[in-house]
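# Examination of the molecular architecture
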Amino acid sequence: PRPPVRPPSPPPSPSRNKVGHERGVTLGVLATQLAGMLGVDHAFVLVSRGSSWSTVSEWWKPGIESKSRQPGCDGARRVAEWIQTLSAGVMVTRAFSTAEQNSRSWMAVAGVKSWALVPLKAGGRLIAVLGFEEHCRERLWSAGELGLVREFTRQAEGCLRPRSSPSPVARSQSPCHRTRFG
């Protein structure tokens, strides 16, 4: 019998792009795991691209219809609206019944009942935002849920920090080597 034929490997990308891609994949896995633990309908990851934000990963609960692609309903708009709060490392959560009018407008169009934005910082800079949405029910985020999200993101931030080549001992003590996200 002949060995299975494997497709050719993609050409290697420049290291800067590879790191960015790997970071997006890692954050996508983190967002998907948190979405499952929290039981939300939609999770997404936005990364900073200079002065704009791009979605690098999304996850939808099966059976939930995506309306968030309507103009003005995407997560990047929310990040721009809450950039100062997120840059300070503070999570932002809203439920439709308690949201400000400008949030209610897009929430109604997108079919979002509740949402949360979670900042990820590295080197003192906001580099990514994890977003979570509920489309079927309004949710008031509990302190326990927010604590769980904060702990996951704190450990992820430790893995995202730029660092010079750490010693094997320092590397083994890093949160990204103690915690498995994927």
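Fair warning: this is a prediction, and the values are worked out from it, not measured in the lab. (Residues numbered from 1 in each chain as written. Predicted model: local features only at pLDDT ≥ 70, side-chain atom pairs only at ≥ 80, totals over all residues. Heavy atoms only, no water.)

### Focus: the side chain of Gln155
Mapped onto the secondary structure, Gln155 falls in helix α5 (residues 143-160). Note on Gln155: relative accessible area 13%, which makes it buried. (Helix = DSSP H or I, 4+ residues; strand = E, 2+ residues; numbered from the N terminus. Buried < 20%, exposed > 50% of the residue type's maximum accessible area, 1.4 Å probe, protein only.)

### A word on the confidence of the model for the protein chain
Low-pLDDT portions of the prediction should not be read for the details of their coordinates. Taken over all residues, the pLDDT of the protein chain has a mean of 75, while the share at 70 or more is 70%. With pLDDT under 50 throughout, residues 176-182 is counted as low confidence; its partners more than four residues away or in other chains account for 17 contacts. (pLDDT = per-residue confidence, 0-100. Contact = heavy atoms within 4.5 Å.)

### Some points on the nonpolar core
Among the nonpolar cores identified, the biggest contains 22 residues, and Leu27, Leu30, Leu34, Leu130 and Phe132 are the most heavily contacted of them. It is helix α1 (residues 15-38) that contributes the most residues to this core, six residues altogether. (Core = buried A, V, L, I, M, F, W, Y, C linked by side-chain atoms within 4.5 Å.)

### Some points on the packing of aromatic side chains
One pass over the structure, following the stated rule, counts one aromatic pair. Centroid distance Trp106 to Trp115: 6.1 Å. Interplanar angle 45°. Geometry classified as tilted. Of note, Arg104 hangs over the ring of Phe96, and the distance from its end group to the ring centre comes to 5.4 Å. Directly above the ring of Trp141 sits Arg139, whose terminal nitrogen or CZ lies 4.5 Å from the centroid. (Phe/Tyr/Trp six-rings, centres within 6.5 Å; stacked < 30°, edge-to-face > 60°. Lys NZ or Arg CZ within 6 Å of the ring centre and 35° of its normal.)

### Focus: the pairing of strand β5 (residues 125-134)
The buried count for β5 comes to nine of ten residues, which makes it a mostly enclosed element. Note that strand β1 (residues 42-49) and β5 share six bridges and pair antiparallel. Among the inter-strand pairings, Phe44 is bridged to a residue of β5, identified as Gly131. By the bridge criterion, nine bridges tie strand β4 (residues 114-122) to β5 in an arrangement that is antiparallel. (Pairing = 2+ DSSP bridges.)

### Description of the sheet that holds strand β3 (residues 92-95)
One open sheet accounts for five strands, arranged β2-β1-β5-β4-β3; its pairing is antiparallel. This sheet does not close on itself; its edge strands, each paired only once, are β2 (52-60) and β3. Across the sheet, the axes of successive neighbouring strands diverge by a mean angle of 15°, strand direction being ignored. Bridge analysis of β3 against β4 gives four bridges, and the strand direction is antiparallel. Within β4, the residue paired with Ala95 across the bridge is Ser114. (Axes fitted to C-alpha atoms, helices over the stretch in contact; angles between N-to-C directions.)

### Some thoughts on the pairing of β2
Pairing of β1 with β2, which is carried by eight bridges, proceeds in the antiparallel orientation. Bridging from a neighbouring strand, His42 pairs with Trp60 of β2.

### Thoughts on the pattern of salt bridges
Inspection of the entire model under this criterion finds seven salt bridges. Taking the shortest distance from any N to any O, the salt bridge between Arg139 and Glu145 comes out at 2.5 Å. The same class applies to Arg139 as to Glu145, namely buried. Overlapping salt bridges bring together Glu134, Arg137, Arg139 and Glu145 as one network. (Salt bridge = Lys/Arg side-chain N within 4 Å of Asp/Glu carboxyl O.)

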